[in-house]
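Here is how the chains run, residue by residue.
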Amino acid sequence: MQLLASYLSGSWSQGSGARTTLVNPATEAPLAEVANGGHDLESAYRYARTAGTLELGNLTFAQRGALLASLAKAIHGAREELLALAVANGGNTRGDAKFDIDGGAMTLSYYADLGAKLGATSVLADGEPIQVGRTARMGGQHVWTRRRGVAVHINAFNFPGWGLCEKLGCSLLAGMPTISKPATATALVTHRMVELFAPLLPPGALQLLVGPAGALLEHLGPGDVVAFTGSSGTASMLRTHSKILDHGVRLNVEADSLNAAILGPDVDLTSETGGLFLADVVRDMTQKTGQKCTAIRRVLVPAGRESDVFEALRDRLGGIAVGDPSREDVRMGPVATAQQHEAVLAGIARLAAATEEVFGGTGQVTPVGVPAGKGFFVGPVVRAAEDPMWCEPLNDHEVFGPVTTVGPYDGDAEFAAEFVARGHGCLVSSAYSDDRDWVASFVTAAAPWAGRLYLGSSKMAAQSPGPGTALPSLLHGGPGRAGGGQELGGERGLELYMQRTALEGDASVLKSLLGGG
Ligand code: NAP
């Protein structure tokens with residue numbers, strides 16, 4: 001069986017000691033192993049701080065953008081192989097796998113284009129020059145320069161392709177050498193991508209640690225950045241890690257999120273906006289088997305309309321075949337790990353104690369094309385909450401699987417926003433309405449609780465990617481429970497990896513520093 005190697009200090013190293021086996025979550029067949037330790041991480045940091053900083057740091061944005069373009073091209077060249085790995089190791093259908101792999105390539109391409117646009121410089125202006133003295137001679141200007149440390153990326157199991165690329169697009173374009181650590185259980189896609197990327201990048205620009213983190217954080221120092229995606233439990237541990245605290249290491253957290261979707265009181269389910277709402281709910285429940293941090297978990301519909309919504313959801317979900325995701329007729333695969341399987345079933349049981357069944361019972365399902373008793377399968381589940389605002393398990397616990405809960409409200413936009421707030425901070429929430437006044441009231445009250453608000457309407461329905469898709473041009477992250485982090489968002493995505501400095505002095509000197517005459 002393949003023993004996955006880490007790429008550290010410029011070479012591939014297999015580590016040593018006990019091993020963890022990576023499996024196919026549909027069949028539980030072993031696919032590969034990783035060593036649980038035995039890596040020289042201190043040297044890896046040193047290598048990033050020396051070779052990585054020198055080689056990558058000395059390039060301009062345009063040159064770094066060209067590197068990112070070559071990474072996107074490498075993904076396209078190995079697309080079928082990567083899709084097959086995502087299906088085998090992630091429990092992804094082909095569609096799910098494309099979402100991860102093509103999404104990764106698209107994000108890299110976006111940042112490649114941004115690099116070209118930023119051009120032959122390595123310093124960015126932040127805003128316009130400011131007069132700070134008596135006359136225009138004495139000026140002020142904020143600038144961004146790259147941080148002189150190491151970017152450490154720790155990713156969740158659900159997006160091994162996109163997760164690698166969305167973080168890397170920003171850190172490499174900003175000029176920070178990066179050590180990336182994927183979740184162990186689904187590391188095959190990330191590992192293969194780094195095999196493809198490594199020869200295309202300058203020495204030290206990208207290193208990979210597969211297997212448990214071990215002493216990864218013990219070598220952090222001033223100027224370093226940690227970008228983490230995963231559970232709030234692991235995030236809490238990172239927030240109090242002594243190296244992060246002692247060295248003021250910048251920490252970006254993308255964690256759990258109880259995203260809400262609200263059906264506006266003006267929307268007929270048979271309208272274009274109503275159809276968009278239903279399609280988005282069903283897509284978010286079943287795409288990646290509901291294992292998207294942005295998936296809709298909580299739904300509000302106008303009181304008296306619940307039964308129409310339930311009927312439409314039953315109708316759509318009833319046609320979805322669950323089973324071996326390598327089969328063409330299967331629309332939803334298993335969850336990614338045995339641990340996730342247990343956690344999702346436990347989460348459904350907790351919800352079931354406070355809600356009524358609408359579809360799928362408590363998640364038991366007979367998967368198609370799978371050996372009896374094998375695989376980490378959960379069927380799609382819809383629950384009904386009588387009083388969603390005060391349903392504790394609904395608003396306090398993220399069930400990271402194909403599960404959503406629907407409840408009624410009186411159509412009031414402020415109430416809907418208050419429901420969004422009950423999630424204590426989310427990555428995204430969505431509202432479906434063609435009533436602009438209602439939407440304006442909702443946005444004003446809900447925006448402080450969400451990193452992104454998706455406003456579904458008849459005018460955009462035909463070109464909408466749905467709320468579950470994080471776009472490179474828009475911020476990804478959310479307040480409160482969602483971690484308080486911010487990634488992507490075009491040029492904003494670089495800020496995590498750069499230092500903002502206020503310059504004050506002779507206005508003409510400031511202008512010339514930024515390439516002006
Ligand atoms: P997790 O258990 O917290 O693991 C996330 C990552 O942290 C993995 O790479 C894991 O490595 C690593 N890790 C675990 N312990 C660590 C430690 N002591 N030091 C350093 N790294 C450590 O989360 P998960 O179960 O993979 O992911 C599911 C959660 O992620 C869900 O709650 C979901 O909401 C959230 N998520 C959020 C976003 C977002 O963008 N906000 C996106 C996707 C997922 P090992 O795998 O080796 O243990």
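The shown structure was predicted, so the numbers you read here are calculated from the model rather than taken from an experiment. Throughout this description, residue numbers start from 1 for each chain and increase along the sequence as written. A pLDDT threshold of at least 70 governs which residues receive local features in this predicted model, and a stricter bar of 80 or more applies before side-chain atom pairs are shown or counted, although totals over entire chains, interfaces and linings include all residues. Water and hydrogen atoms were dropped before computing side-chain values, which therefore reflect all heavy atoms in the structure.

Trainee: Give a detailed account of empty space enclosed by the protein, specifying residues and quantitative values.
Mentor: Two kinds of site are reported from a 1 Å grid over the protein atoms alone, namely cavities, where a 1.4 Å probe fits but cannot get out, and pockets, open sets with protein on both sides within 12 Å along at least five of seven lines, and residues are called lining when an atom falls within 4 Å of a point. Grid points are joined across faces, edges and corners, and a volume is the space filled by probe spheres set on the points. A complete count under the given rule lists four cavities of 30 Å³ or more for this structure. If you add up the space inside the largest cavity, you get close to 90 Å³. Every residue lining the largest cavity is counted, 13 residues in all, and those nearest its centre are Asn158, Phe159, Trp162, Gly163 and Thr229. The helix and strand labels rest on DSSP assignments: H or I over at least four residues marks a helix, E over at least two residues marks a strand, and numbering proceeds from the N terminus. No other element matches the four residues that helix H5 (residues 162-174) contributes to the lining of the largest cavity. Amino acid classes used here: Ala, Val, Leu, Ile, Met, Phe, Trp, Tyr, Cys and Pro are nonpolar; Asp, Glu, Lys and Arg are charged; the rest, including Gly, are polar. Taken together, the residues of the lining of the largest cavity break down into four nonpolar, five polar and four charged.

Trainee: How would you summarise the packing of aromatic side chains if you had to cite specific residues and measurements?
Mentor: Pairing of aromatic rings covers Phe, Tyr and the six-membered ring of Trp, with a centre-to-centre limit of 6.5 Å; geometry is then stacked below 30 degrees between planes, edge-to-face above 60, and tilted otherwise. Evaluated as defined, the whole model comprises nine aromatic pairs. Measuring from centroid to centroid gives 5.7 Å for phenylalanine 159 and tryptophan 162, while their planes differ by 70°, and the two rings are edge-to-face. Exposure classes here rest on a 1.4 Å probe applied to the protein chains alone. A residue is buried below 20% of its type maximum, exposed above 50%, and partly exposed in between. For phenylalanine 159, a relative accessible area of 9% puts it in the buried group. In this structure tryptophan 162 comes out as buried when scored by relative accessible area, which is 11%. Members of the aromatic cluster, connected to one another through ring pairs, are Phe99, Phe159 and Trp162.

Trainee: Break down the layout of surface pockets for me, citing the residues and quoting the values.
Mentor: One water molecule sets the probe size; rolling that probe over the atoms shows where empty space is left. In this structure, the largest pocket encloses a volume near 930 Å³. Taken together, 38 residues form the lining of the largest pocket, with Phe157, Gly230, Ser231, Thr234 and Gln340 sitting closest to its centre. Secondary-structure elements contributing two or more residues to the lining of the largest pocket are strand S11 (225-229), helix H7 (232-239) and helix H11 (338-352). For the lining of the largest pocket, the class distribution of residues is 19 nonpolar, 13 polar and six charged. In terms of lining residues, the second largest pocket is bounded by 18 residues, among which Thr93, Arg94, Gly95, Pro325 and Val330 are the most central. Looking at the lining of the second largest pocket, the element that brings in the most residues is helix H3 (residues 79-90), giving four residues. Taken together, the residues of the lining of the second largest pocket break down into six nonpolar, five polar and seven charged.

Trainee: Describe unusual backbone geometry, and please don't skip the residues or the numbers.
Mentor: Negative phi values dominate among residues other than glycine, just as trans dominates among peptide bonds. Not every positive phi belongs to a glycine, and glutamate 28 is a case in point at roughly 70°. Mapped onto the secondary structure, glutamate 28 falls in the loop between strand S4 (16-23) and strand S5 (30-37). Here the phi dihedral of threonine 289 falls at roughly 55°; this positive angle occurs in a residue that is not glycine. For threonine 289, the location among the structural elements is in the loop between helix H9 (272-286) and strand S14 (296-302). The exposure class of threonine 289 is buried, given its relative accessible area of 0%.

Trainee: Can you lay out a negative patch on the surface for me, pointing to particular residues and giving the numbers?
Mentor: Only residues whose relative accessible area exceeds 30% and that form no salt bridge enter a patch; like-charged residues are grouped when within 9 Å of one another, and nonpolar side chains (Val, Leu, Ile, Met, Phe, Trp, Tyr) when within 5 Å. Accessibility throughout is a Shrake-Rupley quantity obtained with a 1.4 Å probe, and a residue counts as covered only by protein chains that appear here. The salt bridge criterion pairs a side-chain nitrogen of Lys or Arg with a carboxyl oxygen of Asp or Glu, the two atoms within 4 Å. Neither His nor the chain ends is counted toward charge; the positive residues are Lys and Arg and the negative residues Asp and Glu. By convention, the charge on Lys lies at NZ, on Arg at CZ, on Asp at CG and on Glu at CD. Residues Asp266, Glu272, Asp434, Asp435 and Asp437 make up a contiguous surface patch of negative charge. One can find aspartate 266 in the loop between strand S13 (259-263) and H9. Given a relative accessible area of 36%, aspartate 266 falls into the partly exposed group.

Trainee: An account of the site of the ligand is requested, with residue identities and associated values reported.
Mentor: Close contacts around the ligand come from 26 residues, with Asn155, Thr184, Ser231, Thr234 and His476 the closest. Separating an oxygen atom of the ligand from a side-chain N or O atom of threonine 234 is a distance of 2.6 Å. In this structure, histidine 476 approaches the ligand through a side-chain N or O atom, which is 2.8 Å from an oxygen atom. Across the complex, the protein chains shield 80% of the 910 Å² of accessible surface that the ligand would expose by itself. Put simply, the ligand lies in the largest pocket. Broken down by secondary-structure element, the contributors of at least two residues to the shell around the ligand are S11 and H7. If even one non-hydrogen atom of a residue comes within 4 Å of a molecule or strand, that residue is called near it. Each polar contact in these results corresponds to two N or O atoms within 3.5 Å; when the atoms are within protein, one needs to be able to donate a hydrogen and the other to accept it, and residues that are neighboring in sequence are counted only if both atoms are side-chain atoms. A cavity or pocket is said to hold a molecule if more than half of that molecule's atoms lie within 2 Å of its grid points.

Trainee: Help me get a handle on the packing of H3 against helix H4 (residues 94-118), residues and values and all.
Mentor: Between the N-to-C directions of two axes lies an angle of 0 to 180 degrees, each axis being a line fitted to C-alpha atoms and, for a helix, fitted only over the stretch in contact. Between H3 and H4, the least distance of the axes is 9 Å, while the angle of their chain directions is 120°. For the element pair H3 / H4, the angle class is oblique. Relative to H4, the crossing made by H3 is right-handed. For the pair H3 and H4, contact is made by Arg79, Glu80, Leu82, Leu83, Ala86 and Val87 and by Arg94, Ala97, Lys98, Ile101 and Asp102, respectively. Each angle is binned into one of four classes, with values under 35 degrees roughly parallel, values over 145 roughly antiparallel, values of 65 to 115 roughly perpendicular, and all other values oblique. Handedness of a crossing follows from how the near helix is turned relative to the far one, being left-handed for an anticlockwise turn of less than a right angle and right-handed for a clockwise one. Whether two residues are in contact is decided by their heavy atoms, any of which lying within 4.5 Å being enough.

Trainee: Residues and numbers for the side chain of asparagine 89, please.
Mentor: Relative to the helices and strands, asparagine 89 is located in helix H3. Engagement of the side chain of asparagine 89 in a polar contact is seen with the backbone nitrogen of leucine 188, the distance being 3.2 Å. Residues within four places of asparagine 89 in sequence aside, it is in contact with Leu22, Val23, Pro25, Leu31, Ala185, Thr186, Ala187 and Leu188.

Trainee: Would you mind going over the pairing of strand S7 (residues 138-146) in detail, with residue names and values included?
Mentor: On any regular strand, side chains alternate: one points to one face of the sheet, the next to the other face. Here strand S6 (residues 124-131) pairs with S7 via five bridges, running antiparallel. Counterpart to aspartate 126 in the pairing with S7 is histidine 142. For two strands to count as paired, DSSP must find a minimum of two bridges between them. Remark: six residues form the turn of the hairpin made by S6 and S7, two consecutive strands paired antiparallel. Direction of pairing for S7 relative to strand S22 (residues 498-506): antiparallel, over a ladder of nine bridges. By the bridge assignment, methionine 138 is partnered in S22 with aspartate 506.

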